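One-letter residues, chain by chain:
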Amino acid sequence: MLKIEIKSKTYSNDIVLKNLELEITEPGLYGLIGKNGQGKTTLFKCALGLEKYEGKSYLGKEKVSLINTAFCPAEPILYDELTTEEFNKFYAKLFMLEPSKDYLFDLPKDKLIKQFSTGMKKKTYLNALFQKDFLVYFLDEPFNGLDIEANYILLNYLKEKSKTSIIIISSHIIDVLYKNCKGIYMLKNNKTTYFNHLEFDQLEIAFFNNQS
Ligand SMILES: Nc1ncnc2c1ncn2[C@@H]1O[C@H](COP(=O)(O)OP(=O)(O)OP(=O)(O)O)[C@@H](O)[C@H]1O
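Keep in mind that this is a model prediction, so the values were computed, not measured.

Undergrad: Can you tell me about the overall build of the protein chain, naming the residues and giving the values?
TA: Tallying secondary structure elements over the protein chain gives six helices and ten strands in all. Its C-alpha radius of gyration of 17 Å places the protein chain within 12% of the 17 Å reference for a compact globule of 212 residues. Seen along its three principal axes, the alpha-carbon backbone of the protein chain occupies a region of about 55 × 35 × 30 Å. The buried share among the 212 residues of the protein chain stands at 33%. Expressed as a percentage of contacts within the protein chain between residues at least 6 apart in sequence, the contacts between residues at least 24 apart total 68%.

Undergrad: Tell me what's going on with the sheet that holds strand S5 (residues 62-63), and back it up with residues and numbers.
TA: Read from one edge of the open sheet, four strands run S2-S1-S4-S5, paired in antiparallel fashion. A strand with exactly one partner marks an edge of an open sheet, and here the two such strands are strand S2 (14-24) and S5. Pairing geometry for strand S1 (residues 2-11) and S2, over nine bridges, is antiparallel. Opposite Thr10, over in S2, you have Ile15 as the bridge partner.

Undergrad: How would you summarise the domain arrangement of the protein chain if you had to cite specific residues and measurements?
TA: Segmenting the protein chain into domains produces domain 1 (1-68 + 134-145 + 162-212) and domain 2 (76-133). Using only C-alpha atoms to locate each centre, domain 1 and domain 2 end up separated by 26 Å. With four residues of domain 1 in contact, the opposing surface of domain 2 contributes six residues.

Undergrad: Could you give an account of the packing of helix H2 (residues 84-94) against helix H3 (residues 118-129), with specific residues and numbers?
TA: Packed helices, taken two at a time, are described by the angle their axes make and the gap between the axes. Direction vectors running N to C along H2 and H3 enclose 40 degrees, while the axes themselves pass 9 Å from each other. Classified by the angle their axes make, H2 and H3 are oblique. Crossing handedness for the pair H2 and H3: right-handed. Residues Thr84, Phe87, Asn88 and Tyr91 of H2 form the contact with H3, whose participating residues are Thr124, Asn127 and Ala128.

Undergrad: Can you explain helix H1 (residues 40-47)? Please cite residues and give values.
TA: Buried residues dominate H1, accounting for six of its eight residues. Buried residues of H1: Lys40, Thr41, Leu43, Phe44, Cys46 and Ala47, and no others.

Undergrad: Before we move on, can you summarise the site of the ligand with the specific residues and values?
TA: Around the ligand, the neighbouring residues are Tyr11, Val16, Gly34, Asn36, Gly37, Gln38, Gly39, Lys40, Thr41 and Thr42. For the shell around the ligand, the element with the most residues is H1, which contributes three residues. Looking at the shell around the ligand residue by residue, the class counts come to two nonpolar, seven polar and one charged.

Undergrad: I'd like to hear about the nonpolar core, residue by residue, with values.
TA: Counting 48 residues, the largest nonpolar core has Tyr30, Ile167, Ile168 and Ile184 as its most contacted members. Examining the composition of this core, we find that five residues originate from one element, S2, more than from any other. In this structure, this core is formed jointly by two domains, domain 1 (1-68 + 134-145 + 162-212) and domain 2 (76-133), each of which donates at least three residues. Not counting residues within four places of it along the chain, the set of residues in contact with Ile184 comprises Tyr30, Gly31, Ile33, Leu177, Phe195, Phe200 and Leu203.

Undergrad: Give me the lowdown on the environment of Ala47, citing residues and values where you can.
TA: Examined against the element boundaries, Ala47 turns out to sit in helix H1. Overall, the presence of 30 C-beta atoms within 10 Å leaves Ala47 in the buried class. Put simply, Ala47 and Phe138 are 91 residues apart on the chain and 9.7 Å apart in space, counted from C-alpha to C-alpha. Beyond its immediate stretch of four places on either side in the chain, Ala47 contacts Ile4, Ser57 and Val64.

Each value, and the rule that gives it
- Residues numbered from 1 in each chain as written.
- Predicted model: local features only at pLDDT ≥ 70, side-chain atom pairs only at ≥ 80, totals over all residues.
- Helix = DSSP H or I, 4+ residues; strand = E, 2+ residues; numbered from the N terminus.
- Rg over C-alpha atoms; globule rule 2.2 N^0.38 Å.
- Buried ≥ 20, exposed ≤ 12 C-beta atoms within 10 Å, placed from the backbone.
- Contact = placed C-beta atoms within 7 Å.
- Pairing = 2+ DSSP bridges.
- Domains from an automatic or database assignment.
- Axes fitted to C-alpha atoms, helices over the stretch in contact; angles between N-to-C directions.
- Parallel < 35°, antiparallel > 145°, perpendicular 65-115°, else oblique.
- Left-handed = near helix turned anticlockwise from the far one by under 90°.
- Near = placed C-beta within 6 Å.
- Nonpolar A, V, L, I, M, F, W, Y, C, P; charged D, E, K, R; others polar.
- Core = buried A, V, L, I, M, F, W, Y, C linked by C-beta atoms within 7 Å.

Here is the structure:
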């Protein structure tokens, strides 16, 4: 269903990803872990065609793109001078979708985004993104900046969606991934290794082992 093949991704002469293959056939929640700078964000951006790379990424027969795949960057870019409602409409127009009337998070309607806190800005972006149901979600550190209640709401939303969609969550909060993911991809030495939930005890050994 989702197939990402990255033969090579470099920035200048630095290899970030090499001979990476990731194939997911079943809906579910999947984790993506890796130390800072290993290439998790780069992996999402390459798959979506936002970065040039050698390889290919497909969702069924279609190329993976922002039209068929939801992408929440770690630090989403918003338009400061808009209200949430205006941003939702703008986002819906950009991606040719029907503006929603139901939003996951409640936010002040009368304030401009520039008046929002970090968490409120993250909620604004997620509300806009979730106006459409996608078959695949790439979420880069989605829980960062959100308060406890919002984390709970988001996790429940994603668990429900994961019954029919493939959701990849990049996160440094390993316990949340252990508890909720069907499997975790570890990004190390330019490529990913997959651990299903029965293999999570081997994950930390592999993660901290300098040899593998
Ligand atoms: N636009 C860019 N130009 C040059 N190098 C870049 C660029 N973007 C990322 N890199 C480099 O690519 C590597 C992977 O970066 P990336 O942001 O994908 O890592 P990450 O695993 O998401 O890190 P973190 O956990 O800190 O978010 C890093 O060495 C980074 O310095």
